[in-house]
Amino acid sequence: MSHPESIASRLEQVRRRLPHGVTLVAVSKFHPVERLHEAYSAGQRVFGESRAQEMAAKAPMMPNDVVWHFIGHLQKNKVRQVVPHAHMIQSVDSVELLHLIGKEAARAGKHIDVLLQVHVAQEAGKSGFYPDELTSLAAHGGFDDVANVRIRGLMAMATFTDDTQQIDREFATVQRLFEELKAGAMANNPDFDQLSMGMSDDWQIAVGHGATLVRIGTAIFGNRENA
Ligand SMILES: *Cc1c(COP(=O)(O)O)cnc(C)c1O
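What counts, and at which threshold
Residues numbered from 1 in each chain as written. Predicted model: local features only at pLDDT ≥ 70, side-chain atom pairs only at ≥ 80, totals over all residues. Heavy atoms only, no water. Core = buried A, V, L, I, M, F, W, Y, C linked by side-chain atoms within 4.5 Å. Buried < 20%, exposed > 50% of the residue type's maximum accessible area, 1.4 Å probe, protein only. Helix = DSSP H or I, 4+ residues; strand = E, 2+ residues; numbered from the N terminus. Contact = heavy atoms within 4.5 Å. Polar contact = N/O pair within 3.5 Å; in protein donor to acceptor, adjacent residues only side chain to side chain. Expected span 1.5 Å × (residues − 1). Pairing = 2+ DSSP bridges. Right-handed = clockwise from strand over helix to strand, strands pointing away.

Caption draft 1: Broad picture of the nonpolar core. With 65 residues, the main nonpolar core has Phe47, Ile89, Ile101 and Leu154 as its most contacted residues. Counting residues per element, this core draws most heavily on helix α7 (residues 164-183), at six residues. Once residues lying within four places of it in the same chain are set aside, the contact partners of Leu154 are Leu115, Leu116, Val118, Leu134, Val174, Leu177, Phe178, Leu181, Phe192, Gln194, Leu195 and Ser196. Judged by nonpolar contacts, the second largest core, of six residues, contains Val25, Val46, Leu115 and Leu213.

Caption draft 2: How the structure looks around the side chain of Glu54. Inspection of the secondary structure assignment puts Glu54 in helix α3 (residues 52-58). Residue Glu54 is classed as buried on the basis of its relative accessible area of 11%. Of note is the side chain of Glu54, whose polar atom sits 2.7 Å from the side chain of Lys58. Those residues in contact with Glu54, other than ones at most four positions away along the chain, are Ser28, Lys29, Phe30, His31 and Glu49.

Caption draft 3: Quick peek at helix α5 (residues 95-107). For α5, spanning 13 residues, the distance from its first C-alpha to its last is 19 Å, which sits close to the expected 18 Å at 1.5 Å a residue. Those residues of α5 lying buried are Leu97, Leu98, Leu100, Ile101, Gly102, Glu104 and Ala105. In this structure, the buried side of α5 is in contact with α4 (79-82), β4 (88-92), β5 (112-119) and β6 (149-157). Immediately beyond the C-terminal end of α5, within one or two residues, lies Gly109, with a positive phi of roughly 70°.

Caption draft 4: Structural detail: the pairing of strand β3 (residues 67-70). Where strand β2 (residues 46-49) meets β3, four bridges bridge the pair, whose relative direction is parallel. Within β3, the position partnered with Phe47 by the bridge is Trp68. Taking the sense of rotation as the criterion, the β-α-β connection linking β2, α3 and β3 turns out right-handed. In this sheet, β4 lies alongside β3 in parallel orientation, the contact comprising two bridges. Within the sheet, the bridge partner assigned to Phe70 lies in β4 and is Ile89.

Here you go:
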């Protein structure tokens, strides 16, 4: 038996409750690579990082079959640092960034999966497209034909609050938007099938609203220092 507070044991607790078909992204930001190796040894392969430099530093120190998701705000001058390592960039918040990712992916000789980030939280600090903006851009072909990029779906963060009804409403809004896009403007894109919502404190609510990817850090790795 592993220690109840070990990474292996915490991972197991999350996995046991995660419905079949939902992918767990282990958010390892701010944690040293030894902790990531522990998770890897416990079978975890998908890891999420939120800073370009940190991902670029950790990726070469981990086995080749790790699948890296970039989940943080991505500055344009950091795209080149992230693209070679990332399998998916979850935090695309402008059309300009999308095209830049495509350009860098072409340069790196790869295709890359991305999610469009939706701004539904009350906090002004969180980035992403507003739902109306996203609907309108999609309707006008704003996301069509970006070479070397596969638009796989949407990502969102709920407001940081104890009010679970508010979180529930926000995830419901994103789910509705996802379904509308899937049936409408993105209907000719069969790859548009992923919905990334939910963190340590709200992933069960997110799964109830159709999340296919959950991004869980603290519940696996414990508290982050200097976060
Ligand atoms: C840090 C982070 C997470 C994980 O948060 P926890 O509360 O530690 O599970 C998920 N998503 C994003 C975008 C993050 O930045």
